[in-house]
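As a plain string of letters, each chain reads:
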Amino acid sequence: MGKKRGRLAVIFIVGVWAVVTSYFAYLHTFTIMTCYLDETITLDDRQYIIQEVEAFNFENVFAEDYNYWALNVLYELPVSLQRPFYEVVNFYSRPRIAYNGTWEVNIKGVVIPRLPEPSIGNLAIYIDGNYHGRAVQQPDKKDYSFFNTRGQYYSAKEIGQPITLIFDDKSTGHKTEIQLVPQWKKKYYFMELPADMATDPADTARKFFALASQGKRQEALQLVMPEYRNKIPWPPSEEIWNKMNPEDVLNYSLERQENQSNYPVLYALTIGGTVETAPLTVNMIKNQDYYEIVDFI
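All values derive from a computational prediction rather than experimental measurement. (Residues numbered from 1 in each chain as written. Predicted model: local features only at pLDDT ≥ 70, side-chain atom pairs only at ≥ 80, totals over all residues. Heavy atoms only, no water.)

Moving on, we get to the packing of aromatic side chains. Using the criterion set out here, one finds 15 aromatic pairs in the structure. Taking 6.3 Å as the distance between ring centres and 65° as the angle between the ring planes, the aromatic pair formed by Tyr48 and Phe147 counts as edge-to-face. Linking Tyr48 in strand β2 (residues 46-60) with Phe147 in strand β6 (residues 145-154), this pair joins segments that are 99 residues apart in sequence. Among the residues examined, Tyr48 registers a relative accessible area of 1% and is labelled buried. Since its relative accessible area comes to 0%, Phe147 is described here as buried. Here the aromatic cluster, defined as three or more aromatic residues joined through ring pairs, consists of Tyr23, Phe24, Phe91, Tyr92 and Phe190. One residue, Lys142, lies across the ring of Tyr252, its end atom 5.6 Å from the ring centre. The ring of Tyr291 carries Lys286 above its face, with NZ or CZ at 5.9 Å from the centroid. (Phe/Tyr/Trp six-rings, centres within 6.5 Å; stacked < 30°, edge-to-face > 60°. Helix = DSSP H or I, 4+ residues; strand = E, 2+ residues; numbered from the N terminus. Buried < 20%, exposed > 50% of the residue type's maximum accessible area, 1.4 Å probe, protein only. Lys NZ or Arg CZ within 6 Å of the ring centre and 35° of its normal.)

Below you can see the structure in the form of structure tokens.
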């Protein structure tokens, strides 16, 4: 009888744990409406490439009390236990998210060539005639910039309508606009939210070089389009990849090419800056929210 009660107690505890875990997993699963684009406008000989549009009906809510008890415990733990402790506590806590009855859009893209530092504040991006929020990111050693702009709040019916995006360069007085027709698809995120800015193709190149320099050929080739994995030239020594790996000594130049290959759009990332190696161009395509390598030149 005692063993039976013990088994029932274990089953009950495991059942409660499974229910609680499922509940928090549900709370930490976020649904984003996403549309991947490749729309380009030219303003003052500069390309503004709209790559992604996201819509969401929630916002981050930060607690007023920053003396979070878990942080006090965290700093008392050994370094090896700090991250596991944080992840467990973070999972079994309610996310600091508040859901709204309206939708906000975030439009992300890249600017080629990069925006001049003095003119960043003069660029205004309007969504449907409204200026709600705009940010520009200027990565070091790169000749391109990233931008995003937050839209006004839309009802569930309005979010399905075309979106007019206006770029206004107040320093030159030049203005241009484009109409976007998003084809929304649901995308789910667990324990994290999408990045505010578009994906950087240099991240793909650096990851490839890092894996290749470690001799992890198969993992590196996962970043290459499947039909080209057997065609990528592989040097006899990983030292070549190792020279291309350090982020602090390399510079990057990006070009968007149309109808010059088997793909409608190709992104050519030219990498230079090392004494030992000549500039290397990595051709890529953008596949939704990540880049895939086509070849090296």
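Here Arg96 is to be found in the loop between α3 (79-91) and β3 (97-112). A sequence separation of 52 residues divides Arg96 from Asp44, and the C-alpha atoms of the two residues are 42 Å apart.

Now for a nonpolar patch on the surface. Taken together, Val10, Phe12, Ile13, Val14, Val16, Trp17, Val20, Val88 and Tyr92 make up a surface patch of nonpolar side chains, about 860 Å² in accessible area. Among the elements that line the nonpolar patch, the one with the most residues is helix α1 (residues 2-27), at seven residues. In this structure, Val88 sits in helix α3. (Patch = residues over 30% accessible without salt bridge, like charges linked within 9 Å, V, L, I, M, F, W, Y side chains within 5 Å. Areas by Shrake-Rupley, 256 points an atom, 1.4 Å probe, with all protein chains shown as cover. Salt bridge = Lys/Arg side-chain N within 4 Å of Asp/Glu carboxyl O.)

Let us now look at the pairing of β3. Taken together, the 12 bridges between β2 and β3 define a ladder with antiparallel strand orientation. Within the sheet, the bridge partner assigned to Glu52 lies in β3 and is Lys108. (Pairing = 2+ DSSP bridges.)

A few words now on the sheet that holds strand β10 (residues 251-258). Within a sheet, each strand pairs with its neighbour through backbone hydrogen bonds, oriented either parallel or antiparallel. Read across the open sheet, the four strands follow the order β10-β11-β12-β13; overall the sheet is antiparallel. Each edge of the open sheet carries a strand with a single partner, namely β10 and β13 (290-296). Looking at each pair of strands side by side, their axes are set apart by 30° on average, direction ignored. Pairing of strand β12 (residues 280-287) with β13 involves six bridges; the strand directions are antiparallel. Note that in β13 the partner of Lys286 across the bridge is Tyr291. Along the sheet face, helix α4 (residues 201-213) touches β10, β11 (265-272), β12 and β13 and points at about 60° away from the line of β13. (Axes fitted to C-alpha atoms, helices over the stretch in contact; angles between N-to-C directions. Contact = heavy atoms within 4.5 Å.)

On the basis of which strands lie adjacent, the open sheet formed by six strands has the order β5-β6-β3-β2-β1-β9 and antiparallel pairing. Only two strands of the sheet have a single neighbouring strand rather than two, namely β5 (133-137) and β9 (185-190). Direction aside, neighbouring strands of the sheet carry axes that sit 30° apart on average. Pairing of β5 with β6 involves five bridges; the strand directions are antiparallel. Each bridged residue has a counterpart across the sheet, and for Val136 the counterpart in β6 is Phe147.

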